[in-house]
Amino acid sequence: MAAADEQPPQSTNSTIMTLEQFGIMGVSGVAWAFMTELPRALVGIPVDGLHFLLQCSPDLSKELPFDFSSIGSLLSSIRGSVGLSQLWRGATAGCLHDLLLRILMPRFSILCDQALCSVFGPHQKARESWAGLWARKVAVATVAASLAQLIAHPFTMAHTYMVLDAGAVQQYPTMWSFFSQMVHLHGWSFLWRGSSLVWQRCFAFAIVRFSMDPFFNQRPSSVLTAFGGALTASTLPDIFTEPMDAVRRRVMIGGFDKSGWSYGGWLARNRCPIHFWNGMPITFGVDLLFSSAAALAHWHSQTTGEMQQVD
């Protein structure tokens, strides 16, 4: 009886499985991050570097030995003075910034939508008016994007400063050296300089983007329509938000005797507004590329559908 009453030892398979699952999740997460950010590190990072230089060019023309008259001249002067590898500086910070946005924005969007549902009731698309749906989308997108950008802001600060660090002696050889120097000189809050202007850009982008939804609800009828729709949906919001992003970028690197908000207002009032769109050619080029990809995807789906119908 005593032998029958004895309980067998507890199996530790559940703990082992949990650790295995945790390890698998970690490895798969690293692999996902690597596959996601590798193309960006190779192609997107130098494009971002050009964009930063053009956005800040009114404040850099006397400090850096670069010709900002055109994109070709800028590339030529970078290659002749410091080398094109300068455009890849800060790649780690840029990839971390992008990765944080990819991870945080969808999660914050879900949380914001749930918060709105708890306050105003469940989301009922069939019963809500277009204005109600539009306001909900704008609110969710603005809050989610602003929170994600706020968390990732120190990394875009590091990326910006490292791209602009083109002197004979590099002040910030690594991302961590940038963080340590800035915290030592200006305190932790400096890493978020310019972040007070983030919500304006997110709000403007959401208003313009979701106002176009009624025009893009139907499936494109042709490849040209798909290309034009994608280009309009991406370029029109960028036209409105590019100057806000340029002001934020210039606040990051200057006007340290003022707060970020007051210096941004000073730039808007006292500097030539046309220069706030200096980086728009880069943005438009990226929009063209993604619109071409959307048109190609539409052509592929059309072709596949027609082949299936024939079969």
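Residues numbered from 1 in each chain as written. Predicted model: local features only at pLDDT ≥ 70, side-chain atom pairs only at ≥ 80, totals over all residues. Heavy atoms only, no water.

## Observations regarding the nonpolar core
Turning to step 1, where the next piece is worked out: If you look at the biggest cluster of nonpolar residues, it comprises 32 residues, and the most contacted ones within it are Leu-53, Leu-60, Phe-66, Leu-74, Tyr-161 and Phe-178.
Turning to step 2, where the next piece is worked out: Within the residue set of this core, elements represented by two or more residues are helix H2 (13-55), helix H4 (71-81), helix H6 (130-164), helix H7 (175-186) and helix H9 (223-253).
Turning to step 3, where the next piece is worked out: Element by element, the count of residues in this core is highest for H6, at seven residues.
Turning to step 4, where the next piece is worked out: Setting aside chain neighbours within four positions, we find Leu-60 in contact with Leu-53, Phe-68, Leu-164 and Ile-253.
Turning to step 5, where the next piece is worked out: Ranked by size, the runner-up nonpolar core spans nine residues in total, among them Leu-104, Cys-112, Ala-148 and Ala-152. (Core = buried A, V, L, I, M, F, W, Y, C linked by side-chain atoms within 4.5 Å. Buried < 20%, exposed > 50% of the residue type's maximum accessible area, 1.4 Å probe, protein only. Helix = DSSP H or I, 4+ residues; strand = E, 2+ residues; numbered from the N terminus. Contact = heavy atoms within 4.5 Å.)

## Describing the packing of aromatic side chains
Turning to step 1, where the next piece is worked out: For the coordinates displayed, the defined rule picks out 10 aromatic pairs.
Turning to step 2, where the next piece is worked out: Where Tyr-172 meets Phe-178, the ring centres are 5.4 Å apart and the plane angle is 85 degrees; that geometry is what we call edge-to-face.
Turning to step 3, where the next piece is worked out: Tyr-172 sits in the buried class, given a relative accessible area of 8%.
Turning to step 4, where the next piece is worked out: The exposure class of Phe-178 is buried, given its relative accessible area of 0%.
Turning to step 5, where the next piece is worked out: Ring centres of Phe-178 and Phe-179 lie 5.7 Å apart, and the angle between their planes is 55 degrees; on these two criteria the pair is classed as tilted. No difference in accessibility class separates Phe-178 from Phe-179, as the two residues are buried.
Turning to step 6, where the next piece is worked out: The rings of Phe-155, Tyr-161, Tyr-172, Trp-176, Phe-178, Phe-179, Phe-190 and Phe-256 are connected pair by pair, giving a single aromatic cluster.
Turning to step 7, where the next piece is worked out: Above the ring of Trp-266, the side-chain terminus of Lys-258 is found at 5.4 Å from the ring centroid. (Phe/Tyr/Trp six-rings, centres within 6.5 Å; stacked < 30°, edge-to-face > 60°. Lys NZ or Arg CZ within 6 Å of the ring centre and 35° of its normal.)

## Describing the environment of Ser-146
Turning to step 1, where the next piece is worked out: Examined against the element boundaries, Ser-146 turns out to sit in helix H6.
Turning to step 2, where the next piece is worked out: Using a relative accessible area of 15% as the deciding quantity, one classes Ser-146 as buried.
Turning to step 3, where the next piece is worked out: Residues Ser-146 and Phe-108 lie 38 residues apart in sequence; the distance between their C-alpha atoms is 9.7 Å.
Turning to step 4, where the next piece is worked out: Those residues in contact with Ser-146 that lie beyond four places of it in its chain are Val-198, Trp-199 and Cys-202.
Turning to step 5, where the next piece is worked out: From its side chain, Ser-146 meets the backbone oxygen of Thr-142 in a polar contact 2.6 Å long. (Polar contact = N/O pair within 3.5 Å; in protein donor to acceptor, adjacent residues only side chain to side chain.)

## Let's talk about a nonpolar patch on the surface
Turning to step 1, where the next piece is worked out: Residues Leu-236, Ile-239, Phe-240, Ile-274 and Trp-277 make up a contiguous nonpolar surface patch of roughly 450 Å² in combined accessible area.
Turning to step 2, where the next piece is worked out: Take Trp-277: its relative accessible area is 33%, and that puts it in the partly exposed class. (Patch = residues over 30% accessible without salt bridge, like charges linked within 9 Å, V, L, I, M, F, W, Y side chains within 5 Å. Areas by Shrake-Rupley, 256 points an atom, 1.4 Å probe, with all protein chains shown as cover. Salt bridge = Lys/Arg side-chain N within 4 Å of Asp/Glu carboxyl O.)

## Here we look at H7
Turning to step 1, where the next piece is worked out: Taking 1.5 Å of rise per residue, the 12 residues of H7 would be expected to cover 16 Å, and the 16 Å separating its terminal C-alpha atoms lies within 8% of that figure.
Turning to step 2, where the next piece is worked out: Every buried residue belonging to H7 is among Met-175, Ser-177, Phe-178, Phe-179, Met-182 and Val-183, and all of these are buried.
Turning to step 3, where the next piece is worked out: Those residues of H7 hidden inside the fold are in contact with helix H5 (91-120) and H6.
Turning to step 4, where the next piece is worked out: Gly-187 lies just past H7 and shows a positive phi near 95 degrees. (Expected span 1.5 Å × (residues − 1).)

In short, geometric facts, not functional conclusions.
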